[in-house]
Amino acid sequence: MKHPVFRNIKTASIYFGIWILISGIHSFFFVSYIGIPLSIAITDSLVFNVIYCILGLILWFAVRFAQPRDPSFSSLMLYQVTFLAVMLLAWAGSSYSLLRLIFPVSYTIPDFLNQTEPYQDFLDNSMPFRLISGVIYYLLLVLVYYLVIYYYNLQEKIKAEGRLNEMVRESELNLLKSQINPHFLFNSLNSISSLTITNPEQARDMTIKLSDFLRYSVSMGSNRFSSLGKEIEHIKKYLDIEQVRFGAKLKYTFDVSEECMDCEIPVMILQPLYENAVKHGVYESSGEVTIETTARIKSGYLEIIITNDFEPGAPSRKGAGIGLANIRERMKLIYRDEQLLSTQMKGNKFEVVLVLPQERVKSEEVLSVKC
């Protein structure tokens, strides 16, 4: 921990500026109320206050590093009283000795009755008051130093908690992403297993596409964000894999403006949406199903709309239930908002709207997603 006085120019200026002010008040009091000549008053003030200023800097190390083994209040008080005694002895002794060398015994100054007295007598008589001021300075310095230590420790604690929270968030995000990949992988492997018997060529084609798909998943696994263009390319590979299985039953279209292609989105955030579209749309429908995707930028947000046909009244396929819940949890972890995903049914179409911030948004703003 760096010395608080020398942390920057501002703190150093404040510390030394305060001692200059104290020295000025000291000199002014001696000249105006006691009648001591200005040169003597300035010398007296500088000797006492400069020495205390230097000892005050050294006091930081005693407060910061020399802590009692027993942190009880009584031991702490004994510790501080000992430091106070040592500091007062060093300050008063050195200041007193130096001033006696500067001003000889024959040097006289006016007293309160406008008579003259030796300066050394004045110095002796004023020592009790100087010691009292020294105690006050000590208490103020120790209080400030302890406040600085408390502030530093608090900042370190906040930083440590922030790093810990970030590590926890990263772990949670990695866990959520790891839930997506096996979910799709298991389904694909089951399909390939079936195709090896009924259509080996399609099984081979699907295996190659699955390899390309997984290569992207592995290469982007350590990243948090990717561009929409890369994610769409990745999704097309997924849909091509499913088309090997469903043939003409599965259609898909992408209507994405060019400006959206470079927008950043969380890696693999779209994958479970298309898995749901296939599982609840293509699987359950007897006719052709089209998965439509549109993307536009609106007021600093990237709006992605995914729509798929479904057959009303068809028996619902039960899954693990991690798709939409997974996305909402990731939105909460990344954007601190779990309301960025909305769903609705329009006749025989199921629509998912995903709204992703593309610029820094004030934390107090509330995002309204229009369905």
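Not measured: the values here are computed from a predicted model.

### What to know about the overall build of the chain
Looking only at helices and strands, the chain features eight helices and nine strands. Considering only residue pairs separated by 6 or more positions, the chain has 72% of its internal contacts joining residues 24 or more positions apart. A total of about 21000 Å² of accessible surface is found on the chain, and carbon and sulfur atoms cover 62% of it.

### Describing the sheet that holds strand 6 (residues 289–298)
A sheet is described by the order of its strands in space; here five strands give the open sequence 4-6-7-9-8, paired in mixed fashion. Where the open sheet ends on each side, the last strands, each with one partner, are strand 4 (250–256) and strand 8 (341–346). Between one strand axis and the next, the sheet turns by 15° as a mean value, whatever way the strands run. Note: strand 4 against strand 6, seven bridges, orientation parallel. Looking at the pairing, Thr 253 lines up with Glu 292 of strand 6. Against the sheet, helix 6 (residues 228–246) touches strand 4, strand 6 and strand 7 (301–309), its axis set at about 165° to strand 4.

### A few points about the side chain of Glu 231
Mapped onto the elements, Glu 231 comes out in helix 6. Residues within four places of Glu 231 in sequence aside, it is in contact with Tyr 216, Ser 226, Ile 265, Pro 266, Val 267, Met 268, Ile 269 and Leu 270.

### Section: the pattern of salt bridges
Any two side chains of opposite charge can pair if their charged atoms end up close together. Applying the stated criterion across every chain, the model contains seven salt bridges. A salt bridge links Asp 212 to Arg 215; the nearest nitrogen and oxygen atoms lie 2.8 Å apart. Placement of both Asp 212 and Arg 215 in helix 5 (residues 200–219) is noted, with a separation of three residues, approximately one turn of the helix. Of the residues examined, Asp 212 reaches a relative accessible area of 29% and is grouped as partly exposed. Taking relative accessible area as the criterion, Arg 215 reaches 52% and is therefore assigned exposed. Across the salt bridge formed by Asp 255 and Arg 296, the nearest N and O atoms sit 3.0 Å from each other. Here Asp 255 is found in strand 4, whereas its partner Arg 296 is found in strand 6, with 41 residues between them in sequence. For Arg 296, a relative accessible area of 33% gives the class partly exposed.

### Section: the pairing of strand 8
Two strands pair when backbone bridges link them, and strand 8 and strand 9 (residues 349–357) are joined in this way by six bridges, in the antiparallel orientation. Across the sheet, Leu 341 pairs through a bridge with Leu 354, a residue of strand 9. Turn length for the strand 8-strand 9 hairpin, with the two strands adjacent in sequence and antiparallel, is two residues, and the turn residue Gly 347 shows positive phi of about 65°.

### Side note on helix 1 (residues 9–34)
Along its 26 residues, helix 1 runs 36 Å from first to last C-alpha, staying within 8% of the 38 Å computed at 1.5 Å per residue. Of the residues making up helix 1, those classed as buried are Ala 12, Tyr 15, Trp 19, Ile 22, Ser 23, His 26, Ser 27, Phe 30 and Ile 34. With a side-chain oxygen positioned 3.1 Å from the backbone nitrogen of Lys 10, the residue opening helix 1 is Asn 8. One or two residues past the end of helix 1 sits Gly 35, with phi positive at roughly 85°.

### Brief notes about the confidence of the model for the chain
Any segment with low pLDDT has predicted coordinates that should not be analysed in fine detail. For the chain, the average pLDDT comes to 81, and 82% of its residues sit at 70 or higher. Note that residues 360–371 has pLDDT below 50 and, in this model, 15 contacts with residues that lie over four places away or in other chains.

### A look at the packing of helix 1 against helix 2 (residues 38–65)
Where helix 1 meets helix 2, the closest approach of the two axes is 8 Å, and the angle between their N-to-C directions is 150°. In this view, helix 1 runs roughly antiparallel relative to helix 2, as classed from their interaxial angle. For the pair helix 1 and helix 2, the sense of crossing is right-handed. The residues of helix 2 that touch helix 1, namely those facing Tyr 15, Phe 16, Trp 19, Ile 22, Ser 23, His 26, Ser 27, Phe 30 and Val 31, are Leu 38, Ala 41, Ile 42, Asp 44, Ser 45, Asn 49, Tyr 52, Cys 53, Gly 56 and Leu 57. Looking at the contact of helix 1 with helix 2, its residues break down into twelve nonpolar, six polar and one charged.

So, how was this worked out
- Residues numbered from 1 in each chain as written.
- Predicted model: local features only at pLDDT ≥ 70, side-chain atom pairs only at ≥ 80, totals over all residues.
- Heavy atoms only, no water.
- Helix = DSSP H or I, 4+ residues; strand = E, 2+ residues; numbered from the N terminus.
- Contact = heavy atoms within 4.5 Å.
- Areas by Shrake-Rupley, 256 points an atom, 1.4 Å probe, with all protein chains shown as cover.
- Pairing = 2+ DSSP bridges.
- Axes fitted to C-alpha atoms, helices over the stretch in contact; angles between N-to-C directions.
- Salt bridge = Lys/Arg side-chain N within 4 Å of Asp/Glu carboxyl O.
- Buried < 20%, exposed > 50% of the residue type's maximum accessible area, 1.4 Å probe, protein only.
- Expected span 1.5 Å × (residues − 1).
- Polar contact = N/O pair within 3.5 Å; in protein donor to acceptor, adjacent residues only side chain to side chain.
- pLDDT = per-residue confidence, 0-100.
- Parallel < 35°, antiparallel > 145°, perpendicular 65-115°, else oblique.
- Left-handed = near helix turned anticlockwise from the far one by under 90°.
- Nonpolar A, V, L, I, M, F, W, Y, C, P; charged D, E, K, R; others polar.

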